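# Tertiary structure, described
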Amino acid sequence: MRSLQLSISGDIKATAPLKDELLTFTMICGESDDDESPVQHIRLGGIDDDHHLEWFAAHDLTRDAEIRISFVDSDVVDAPTRRSRDRLAEASKDRERYEDAKRIYFALRGEYEDDSR
């Protein structure tokens, strides 16, 4: 299976699948108030139809950390360590269901409403 593999200083941290129904990404951020204490973050995550996924996250990388992101063929991939619902997608689906119900109601109400009112 085609996969995305994240290594830090030679240590493989996670291997995530690359599939059509899944967006897989790596995010690397660095910020510093001064040169003595940089804060560096890395995340290997993804998004499927209904969830935000995370395979690895670190918020304390050292200045000399070597980050390697590789596309590999792997028989084994890691399960996500975190999975959370995509609230925006849920809200969109709720709106879709509401619009469908409203459309059906207006299409059928003449058949079921009492005209004697």
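Before any of the text, the structure's been laid out above.
Residues numbered from 1 in each chain as written. Predicted model: local features only at pLDDT ≥ 70, side-chain atom pairs only at ≥ 80, totals over all residues. Heavy atoms only, no water.

### Regarding the sheet that holds strand β6 (residues 67–73)
Rules: Strand pairing is defined by DSSP finding a minimum of two bridges between the two strands. By definition, any uninterrupted DSSP run of H or I lasting at least four residues is a helix, any uninterrupted run of E lasting at least two residues is a strand, and each is numbered from the N terminus. Axis lines are fitted through C-alpha atoms, for helices just across the contact stretch, and the angle between N-to-C directions can take any value from 0 to 180 degrees.
An order of β2-β1-β6 is seen for the three strands of this open sheet, with the pairing classed as antiparallel. Across the chains shown, the open sheet's two edge strands, defined by having one partner strand only, are β2 (11–17) and β6. Across the sheet, the mean angle separating the axes of adjacent strands is 25 degrees when strand polarity is ignored. Where strand β1 (residues 2–8) lies against β2, six bridges are found, and the strand directions are antiparallel. Residue pairing for β2: Q5 is matched across the bridge by T15.

### Examining the pattern of salt bridges
Which entries qualify depends on this criterion: Within this document, salt bridges are pairs made up of a side-chain nitrogen of Lys or Arg and a carboxyl oxygen of Asp or Glu, the two lying within 4 Å of each other. Burial status follows relative accessibility: with a 1.4 Å probe on protein chains alone, a residue under 20% of its type maximum counts as buried, one over 50% as exposed, and anything between as partly exposed.
Counted under the stated rule, the structure contains seven salt bridges. A salt bridge links E54 to R43; its shortest N-O distance comes to 2.9 Å. Highlighted residues: E54 in strand β5 (residues 51–58) and R43 in strand β4 (residues 39–47), separated in sequence by eleven residues. Each of the two residues, E54 as well as R43, counts as buried. A salt bridge links D48 to R83, with the shortest nitrogen-to-oxygen separation between them at 3.6 Å. Taken as a pair, D48 in the loop between β4 and β5 and R83 in strand β7 (residues 82–85) lie far apart in primary sequence, 35 residues in all. Residue class for D48 comes out partly exposed when judged on its relative accessible area of 22%. What emerges from the salt-bridge pattern is a single network uniting R43, E54 and R82.

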